[in-house]
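The residues making up each chain are set out below.
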Amino acid sequence: CYKDLDLSGQGSLQDYRSNSKTYVLIGCGADKNDVAGQVRAEDLYSSSYFQKKQRFSEELGDKSFIVSAKFGLIHPETVIWHYDVSIDDVDNDEWLDVVEENLESWPQWESQDELWVLVGKSYLDAESSDGRSLRSLLNQAAPDVYYPFEQTSGIGEQQEYLDRAVEYGEPVMPYTLDLEGQTGLDSWG
């Protein structure tokens with residue numbers, strides 16, 4: 001069949017996977033380092049929760065962006081100043097305009113890529129007056145989008161998931177990891 005369809009020049013699944021990239025969106029955090037002046041975004045957020053998301057991105061992703069209530073979508077190395085704003089403090093229409101513009105101009109992802117979203121529900125589902133949300137914008141993006149936090153209940157499980165995924169060595173959905181002795185869905189078969 002392979003020869004009959006002349007698929008010899010199509011490459012293998014491994015070739016396809018090796019050309020793909022893994023993007024990670026990291027939710028910002030309320031806890032910030034007390035800094036004067038400007039600092040790289042990745043150095044501003046101080047919580048262990050943010051650090052675990054950042055480690056997931058560094059170990060398992062090829063490129064990451066931080067989702068910020070103040071700045072929209074920013075690269076971790078972007079220099080910003082200290083701020084105290086949450087998604088509850090912003091106009092969703094304006095914030096989503098900025099995020100949408102950032103998504104259209106920066107990531108340059110393709111259909112074979114993966115996007116792992118480590119962002120809280122309040123940011124994902126903040127809705128504009130025309131019905132847009134971060135989730136709806138991401139679901140229209142080219143890559144396969146994964147929301148691993150939706151298979152966890154609470155920050156504790158999310159942190160455990162992040163640790164275990166890094167330990168596992170590749171991004172996987174939580175149900176494929178054995179969290180607290182629970183049987184994963186992949187063990188049924």
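To be clear, the structure that these remarks concern was listed above.
These numbers were taken from a predicted model, which means no experiment stands behind them.

Caption draft 1: Main features of the side chain of Ser-68. The residue Ser-68 is located in strand E3 (residues 63-68) in this model. Classification of Ser-68 by relative accessible area gives buried; the value is 0%. Not counting residues within four places of it along the chain, the set of residues in contact with Ser-68 comprises Cys-28, Tyr-45, Ile-74, Tyr-83, Trp-95 and Tyr-123.

Caption draft 2: Highlighting the pairing of strand E6 (residues 114-118). By the criterion of burial, E6 is predominantly enclosed, with 5 of the 5 residues buried. Burial along E6 is two-sided: the face carrying Glu-114, Trp-116 and Leu-118 and the face carrying Leu-115 and Val-117 are both buried. Here strand E1 (residues 22-27) pairs with E6 via 5 bridges, running parallel. Across the sheet, residue Tyr-23 finds its bridge partner in E6, namely Leu-115. By the bridge criterion, 3 bridges tie E6 to strand E7 (residues 144-146) in an arrangement that is parallel. Bridge pairing in E7 links Glu-114 to Asp-144.

Caption draft 3: Expanded view of the pattern of salt bridges. Counted under the stated rule, the structure contains 9 salt bridges. The residue Asp-43 makes a salt bridge to Arg-40 at a minimum N-O spacing of 3.2 Å. Using a relative accessible area of 34% as the deciding quantity, one classes Asp-43 as partly exposed. According to the relative accessible area criterion, Arg-40 is partly exposed, its value standing at 35%. Residue Arg-135 pairs with Glu-150 through a salt bridge whose shortest N-O separation is 2.3 Å. Of the two residues, Arg-135 sits in helix H6 (residues 134-139) while Glu-150 sits in the loop between E7 and helix H7 (155-168), which places them 15 residues apart along the sequence. Ionic contacts of the salt-bridge type, sharing partners, join the residues Asp-97, Glu-100, Asp-130 and Arg-132 into one network.

Thresholds, definitions, all that
- Residues numbered from 1 in each chain as written.
- Predicted model: local features only at pLDDT ≥ 70, side-chain atom pairs only at ≥ 80, totals over all residues.
- Heavy atoms only, no water.
- Helix = DSSP H or I, 4+ residues; strand = E, 2+ residues; numbered from the N terminus.
- Buried < 20%, exposed > 50% of the residue type's maximum accessible area, 1.4 Å probe, protein only.
- Contact = heavy atoms within 4.5 Å.
- Pairing = 2+ DSSP bridges.
- Salt bridge = Lys/Arg side-chain N within 4 Å of Asp/Glu carboxyl O.

So yeah, pure geometry; function would need other evidence.
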